[in-house]
Each structure stands twice: as C-alpha cells, then as structure tokens.
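Letter by letter, the chains look like this.
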Amino acid sequence: MPTTVNAFGTHEAGKPLAPFTIERRDVGPHDVKLDILYCGICHSDMNYADGTFGPLPVSPLVPGHEIVGRVTEIGPDVTRHQVGDLVGIGCMVNSCRTCENCQAGQEQYCLKGNTLVFGAPDPAEPGAHTQAGYSEAIVAPEDFVVRVPETLDPAAVQAP
C-alpha cells in the first residue's frame, strides 16, 4: 500500500515552494526505501520550480536531487543495502539497464532515456511521475542508491 509523506514543492512554475503531501509507491523486489535526512538546494532544482527551464514537467513538482537518508526498508532481492545504512540518491533513479550505454555503466546516456529523480514518468509505477528529495521519504531501485560512509557528516554530504 502506498505511503503518504509530507513534501515541499509547487503546482505552478514561478510560485513559491509550499508544503503538501505526496504518495510514495510500495517497495518492489529491488527497491530501497529511505527516510530523507538532508537534501541539497541546487540551482537546477530551483530553475525547474521557478520556470527558468519552462513549464513544469509535471504538477505538482517536488524537486531535490542531492538526497541523503537512512534505509528503512528493502525489497527481498536487494543485495547492496541493509536497513539502517546511510545512503544517497543523485539526479537519476532508473534507466533501461539493457542498452549499450547502460551495460557500460553510463546510465546517464541511456539510449532509451534515463529517469530523473523528479518530473519524469516512473517506469516502476505506470502513470505516475517521480518526486524527489524535498520530502520525508523516497523509494528507488538499489542500483541508483549509493552507500555513504558513516564517518561523513550526513548534513555535509552531497550525493552524486
């Protein structure tokens, strides 16, 4: 059953970010769910929200792509992360994983198009769009979640 979480985002380009709730999908077999501790404020996130890049790709839009958090749930087939791990998510949360570029570890150049962390159709949830880190939690495939060393200050970490 999807989870409702608090988020900050906008329903219209050029309007201030405001609080509202969004739904997070269930954790799938290869997914990681994390409670978000910190999320960077990047100019590109704000350029989407303020309309610099044009109309919003989706409404509402929850930006934020430099995410750091703690794993709270994993799918049964996850092998890279465990509940309690400190992790990060960058600007992508999926790709086809089958094209030549993905197979070479270059998912950012996915020939079928990568999935950005916000404003993109979510292949894991047909009909839905991705919403990012200005929220309490997020669910993403383990391949797009990176381990953050416990020795680092999570408030100072910028995920890739």
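Given the structure is predicted, the values throughout are model-derived calculations rather than measurements. The residue numbers shown here count from 1 along each chain, following its written sequence. Selection of residues for local features in this predicted model requires a pLDDT of at least 70, selection of side-chain atom pairs for listing and counting requires 80 or more, and totals for whole chains, interfaces and linings are taken over all residues. Only heavy atoms go into the side-chain values, all of them from the structure, while hydrogens and water stay out.

Engineer: How do you make sense of unusual backbone geometry when you look at a structure like this?
Structural biologist: In most cases, non-glycine residues show a negative phi, while peptide bonds are predominantly trans. Of note, the amide linkage connecting S59 to P60 takes the cis form, showing an omega dihedral of 0 degrees. Secondary structure counts use DSSP, requiring at least four H or I residues in a row for a helix and at least two E residues in a row for a strand, with both numbered from the N terminus. Considering the arrangement of structural elements, one finds P60 in the loop between helix 1 (43-50) and strand 4 (67-74). Despite not being glycine, R97 shows a phi value in the positive range, around 65 degrees. Its location among the elements puts R97 in the loop between strand 6 (92-94) and helix 2 (100-103).

Engineer: Would you explain the environment of D143 in this entry?
Structural biologist: By secondary structure assignment, the location of D143 is in the loop between strand 8 (137-141) and strand 9 (146-147). Remark: the alpha-carbon pair of D143 and D31, spanning 112 residues in sequence, is separated by 8.6 Å. Residues are treated as being in contact if the distance between any of their heavy atoms lies within 4.5 Å. Ignoring anything within four residues of it in the chain, the contact list for D143 reads R80 and R97.

Engineer: Looking at this structure, I do not really get the side chain of K33. What am I missing?
Structural biologist: Residue placement: K33 occurs in strand 3 (residues 31-39). We call a residue buried when its accessible area falls under 20% of the maximum for its residue type, exposed when it is over 50%, and partly exposed in between, using a 1.4 Å probe and counting protein chains only. The charge count includes Lys and Arg as positive and Asp and Glu as negative, but it does not include His or the ends of the chains. What makes a salt bridge here is a side-chain nitrogen of Lys or Arg within 4 Å of a carboxyl oxygen of Asp or Glu, nothing more. Buried charge K33 goes without a salt bridge, the closest partner of opposite sign being E73 at 4.7 Å. With near-sequence residues (within four places) excluded, K33 lies in contact with T3, V27, R70, V71, T72, E73, A137, I138 and V139.

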